[in-house]
Amino acid sequence: ICDIINETEEGPKDAIRAVKKRLNGNRNYREVMLALTVLETCVKNCGHRFHVLVANRDFIDGVLVKIISPKSNPPTIVQDKVLALIQAWADAFRSSPDLTGVVHIYEELKRKGIEFPMADLDALSPIHTPQRGVPEVDPATHMHNPQPQPQPRVGTAPPFTGTLPPTYTAPQIPSLQVSAGPITANSEQIARLRSELDIVRGNTKVMSEMLTEMVPGQEDPSDHELLQELNRTCRAMQQRIVELISRVSNEEVTEELLHVNDDLNNIFLRYERYERYRSGRAAQGANNGLRQASMKVPHLNVILYLVFFIFLIIYFPLN
């Protein structure tokens with residue numbers, strides 16, 4: 001579904017129409033929950049064209065808020081799901097001027113006294129990367145890169161606008177060293193591991209932001225090269241994380257590792273879709289170029305016809 005939305009011109013509009021059909025006036029709340037899950041997945045994995053249709057007032061107020069109205073009286077689980085989506089999207093799209101319809105609805109609902117479910121917004125998979133800082137990293141902890149590297153500044157990171165900000169000159173590489181046998185980490189080791197997981201999250205957010213903003217086939221070569229480097233680095237990180245998941249005895253740390261691993265899997269799917277779409281556009285461009293070139297060369301039959309016509313005029317002049 002996400003591929004169709006991203007790779008076809010009418011994909012976003014068709015998807016919204018299909019979602020509305022499943023949600024409007026539907027009393028089968030199991031089907032409503034499934035439709036909301038599909039909608040959430042599409043928002044997380046699709047681009048700006050789809051976000052504009054979802055985050056506008058007509059959809060949020062006319063479809064989602066209508067589901068949880070007293071007249072509809074849906075189950076609590078449906079109410080919580082709708083409110084959680086509105087809350088998450090309001091947080092994610094707050095800094096985008098053309099996506100603030102959901103923000104206004106969220107604030108109106110809060111003023112009316114609607115209680116939103118408790119949610120750790122930082123733990124959600126990235127939708128539209130908010131302007132947040134990337135933690136500083138001690139170069140001494142890098143396993144493959146002992147030389148000091150330029151570190152991101154702590155504070156508000158500027159949004160990606162077509163070329164990567166200078167503070168993100170290269171992906172950060174945490175050590176995430178894995179020893180043999182089960183791992184029983186002390187508090188200091190857990191703190192260091194969590195610090196390294198923050199680096200993984202930072203790289204994932206940068207990669208997500210680039211995939212959101214870059215247009216396949218129209219990106220700057222240096223940006224595409226950096227995106228590929230981020231992909232390679234994140235895949236190397238994931239290998240070490242997977243090894244840690246089965247061997248760390250601390251349940252809280254294991255849960256964090258699983259969340260980070262899920263985020264990495266999501267970003268890899270988005271990257272693979274991006275590269276497929278980019279390759280498809282490149283192939284289409286090459287085919288169009290060949291077609292245009294062939295149109296510029298007269299067909300052989302036309303040439304022979306003209307030669308024959310000239311021959312007739314020369315040897316059989318009209319009187």
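Reference entry: report on the structure contained in this document. A quick note: this is a predicted structure, and the numbers were derived from the prediction, not measured.

## A closer look at the packing of helix α2 (residues 11–23) against helix α3 (residues 29–45)
Next, step 1: In contact at an axis separation of 9 Å, α2 and α3 are set at 155° when each is read in the N-to-C sense. Judged by the angle between their axes, α2 and α3 are roughly antiparallel. Considering the relative orientation of α2 and α3, their crossing is left-handed. Only E31, V32, A35, L36 and L39 of α3 make contact with α2, whose side of the interface consists of V19, R22 and L23.
Next, step 2: A per-class count over the contact of α2 with α3 returns six nonpolar, no polar and two charged.

## Section: the pattern of salt bridges
Next, step 1: Tallied over the full model, the rule gives 14 salt bridges.
Next, step 2: We note a salt bridge from D14 to R17, for which the minimum N-O separation is 2.2 Å. Highlighted residues: D14 and R17, both in helix α2, separated by three residues, approximately one helical turn.
Next, step 3: Residue classification places D14 among the partly exposed positions, given a relative accessible area of 37%.
Next, step 4: Between E256 and R201 there is a salt bridge, with the nearest N and O atoms lying 3.7 Å from each other. Taken together, the residues span a long stretch of sequence, with E256 in helix α10 (residues 251–296) and R201 in helix α8 (residues 187–213) at a distance of 55 residues.
Next, step 5: For R201, a relative accessible area of 27% gives the class partly exposed.

## Some thoughts on the packing of helix α6 (residues 76–93) against helix α7 (residues 101–111)
Next, step 1: Two elements in contact, α6 and α7, have axes separated by 8 Å at closest approach and are oriented at 125°. Put simply, α6 runs oblique to α7. Considering only the axes of α6 and α7, their crossing is left-handed. On α7, the residues touching I86, Q87, W89, A90 and F93 of α6 are V102, V103, Y106 and L109.

## Some points on α2
Next, step 1: Its 13 residues give α2 an end-to-end C-alpha distance of 18 Å, which sits within 8% of 18 Å, the value for a rise of 1.5 Å per residue.
Next, step 2: Among the residues of α2, those classed as buried are G11, P12, A15, I16, V19 and L23. Looking down the long axis of α2, one finds its buried residues gathered within 125° of arc, a one-sided arrangement. Away from the buried face of α2 by more than 90 degrees, exposed residues R17 and K21 are located.
Next, step 3: Residues of α2 that are buried in the fold lie against α1 (2–7), α3, α4 (48–54) and α5 (57–67).
Next, step 4: Remark: G25 follows α2 within two positions and exhibits a positive phi of approximately 65°.

## With respect to the nonpolar core
Next, step 1: Counting 42 residues, the largest nonpolar core has F50, L64, I86 and W89 as the members making the most contacts within it.
Next, step 2: Residue assignment for this core shows that the elements contributing at least two residues are α1, α2, α3, α4, α5, α6 and α7.
Next, step 3: With ten residues, α6 is the largest single contributor of residues to this core.
Next, step 4: Residues L193, I245, V260 and Y274 belong to the second largest nonpolar core, which totals 25 residues.

## A look at the environment of R30
Next, step 1: Its place among the elements puts R30 in helix α3.
Next, step 2: Considered as a pair, R30 and V78 are 48 residues apart in the sequence and their alpha carbons are 8.9 Å apart.

## Topic: the environment of G280
Next, step 1: In this fold, G280 is placed in helix α10.
Next, step 2: When its relative accessible area of 37% is taken as the criterion, G280 is described as partly exposed.
Next, step 3: C-alpha of G280 to C-alpha of G217: the two residues are 63 residues apart in sequence and 9.2 Å apart in space.

## Remarks on the packing of aromatic side chains
Next, step 1: For the structure on display, the rule yields one aromatic pair.
Next, step 2: Judged by centre distance (4.7 Å) and plane angle (65°), the ring pair of Y106 and F116 falls under edge-to-face. Placement of the pair is Y106 in helix α7 and F116 in the loop between α7 and α8, with a sequence separation of ten residues. Judged on exposure class, the residue Y106 and its partner F116 are both buried.

Analysis parameters
- Residues numbered from 1 in each chain as written.
- Predicted model: local features only at pLDDT ≥ 70, side-chain atom pairs only at ≥ 80, totals over all residues.
- Heavy atoms only, no water.
- Axes fitted to C-alpha atoms, helices over the stretch in contact; angles between N-to-C directions.
- Helix = DSSP H or I, 4+ residues; strand = E, 2+ residues; numbered from the N terminus.
- Parallel < 35°, antiparallel > 145°, perpendicular 65-115°, else oblique.
- Left-handed = near helix turned anticlockwise from the far one by under 90°.
- Contact = heavy atoms within 4.5 Å.
- Nonpolar A, V, L, I, M, F, W, Y, C, P; charged D, E, K, R; others polar.
- Salt bridge = Lys/Arg side-chain N within 4 Å of Asp/Glu carboxyl O.
- Buried < 20%, exposed > 50% of the residue type's maximum accessible area, 1.4 Å probe, protein only.
- Expected span 1.5 Å × (residues − 1).
- Arc of directions from axis to C-beta.
- Core = buried A, V, L, I, M, F, W, Y, C linked by side-chain atoms within 4.5 Å.
- Phe/Tyr/Trp six-rings, centres within 6.5 Å; stacked < 30°, edge-to-face > 60°.

Honestly, that's just the spatial picture; any functional story needs more than this.
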